[in-house]
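Single-letter residue listing:
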Amino acid sequence: MMKKVLYIGWIGFQNVGDELLWNLFASYARQYAPDVQIIPSTPKVNWKDTSPYDAVVLGGGSLLLPGYMAVLQEAHEAGKPIWIWGSGIDWIGEAETDALCAGAKPALHRHFSANDVELFRTVLASAAFAGIRGPLSEAVLKTHISHPPNENREDFFVPMSNESLTHKESEGVFLS
C-alpha cells in the first residue's frame, strides 16, 4: 500500500514563498520517493487530524507556532515520523528581531510560555529532520529552545540551503 504523508503548510492562500516551498518539496518527493503520496494541507484538508497519514511534515512558512507544534507532537506520540522542512519564526516583533540581528539574546517570554518552550523542545528532539528557515529563526530556537543534540541525529538544526538539502536527500529524508 502506498504511504501517505501530510504536508502542513500555508498553501492555497496565494503566498508565493509558501507555495514555492511546497512545490519544491513535492518535486523532491516525486523524484526521491515516488511510491509516497504527499497530501498538502490546502484549505479543504483537516491538517489537525493526522490519523489517516503515515508521517507528517511541517513545511515552509512561518509555522513554528505552538498550534502546529502540538499537531506534530500528537503525530509523534501516535508513532508517526515527523519532519520540519523550511519552517521559521517571523512573528516575534521588531524589537526582538533587531536584538537578534545585533547578536543579543532578547527576552521572548511574552511570545513563548514555559509550556510552549517544552513543546518546542519535545517536538524538535523528536523530529527526524529539522530544516529551519533563516538565521533569525535558528537563533531564536538555539538561544531560547535549545536542548542537548539528539545522539541519533548528526545535527539538531539544519539551516535550509542547497548543500543541506543535497546532504539530507542522500540519507533518505522523505521516508525510509
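For the structure given in this document, a descriptive report is provided here.

### A closer look at helix α2 (residues 66–77)
Here comes step 1: With 12 residues, α2 extends 16 Å from end C-alpha to end C-alpha; this agrees with the ideal 16 Å at 1.5 Å per step.
Here comes step 2: Among all positions of α2, only Tyr68, Met69, Val71, Leu72 and Ala75 are buried. Buried residues along α2 cover an arc of 155° about the axis, so they all sit on one side.
Here comes step 3: The elements touched by buried residues of α2 are β1 (3–8), β3 (55–58), β4 (82–87) and α4 (114–126).
Here comes step 4: One or two residues past the end of α2 sits Gly79, with phi positive at roughly 85°.

### Section: the pairing of β1
Here comes step 1: Note that β1 and strand β2 (residues 36–40) share 5 bridges and pair parallel. Residue Val5 lies in a different strand from β2, and its bridge partner there is Ile38.
Here comes step 2: Each parallel crossover has a hand, and the one from β1 via helix α1 (residues 16–32) to β2 is right-handed.
Here comes step 3: With 4 bridges connecting them, β1 and β3 associate as parallel partners. For Tyr7, the partnering residue across the bridge sits in β3 and is Val57.

### Some details on the pairing of β4
Here comes step 1: The element β4 is largely enclosed, with a buried count of 6 among its 6 residues.
Here comes step 2: Bridge analysis of β3 against β4 gives 3 bridges, and the strand direction is parallel. Residue pairing for β4: Val57 is matched across the bridge by Trp83.
Here comes step 3: A crossover connection joins β3 to the parallel β4 through α2; in handedness this β-α-β unit is right-handed.

### Here's the deal with α4
Here comes step 1: For α4, built from 13 residues, the straight-helix expectation of 18 Å at 1.5 Å per residue is met to within 8% by its first-to-last C-alpha distance of 18 Å.
Here comes step 2: Residues Asp116, Val117, Leu119, Phe120, Val123 and Leu124 constitute the buried set of α4. Viewed end-on, α4 has its buried residues packed into an arc of 160°, placing them on one side of the element. Opposite the buried face of α4, by more than 90 degrees, sit the exposed residues Ala114 and Asn115.

### Focus: the side chain of Glu96
Here comes step 1: Inspection of the secondary structure puts Glu96 in helix α3 (residues 94–101).
Here comes step 2: Those residues in contact with Glu96 that lie beyond four places of it in its chain are Pro106, Ala107, Leu108, Arg110 and His111.

Reading guide: rules and limits
- Residues numbered from 1 in each chain as written.
- Predicted model: local features only at pLDDT ≥ 70, side-chain atom pairs only at ≥ 80, totals over all residues.
- Heavy atoms only, no water.
- Helix = DSSP H or I, 4+ residues; strand = E, 2+ residues; numbered from the N terminus.
- Expected span 1.5 Å × (residues − 1).
- Buried < 20%, exposed > 50% of the residue type's maximum accessible area, 1.4 Å probe, protein only.
- Arc of directions from axis to C-beta.
- Contact = heavy atoms within 4.5 Å.
- Pairing = 2+ DSSP bridges.
- Right-handed = clockwise from strand over helix to strand, strands pointing away.

Keep in mind these values describe shape, not function.
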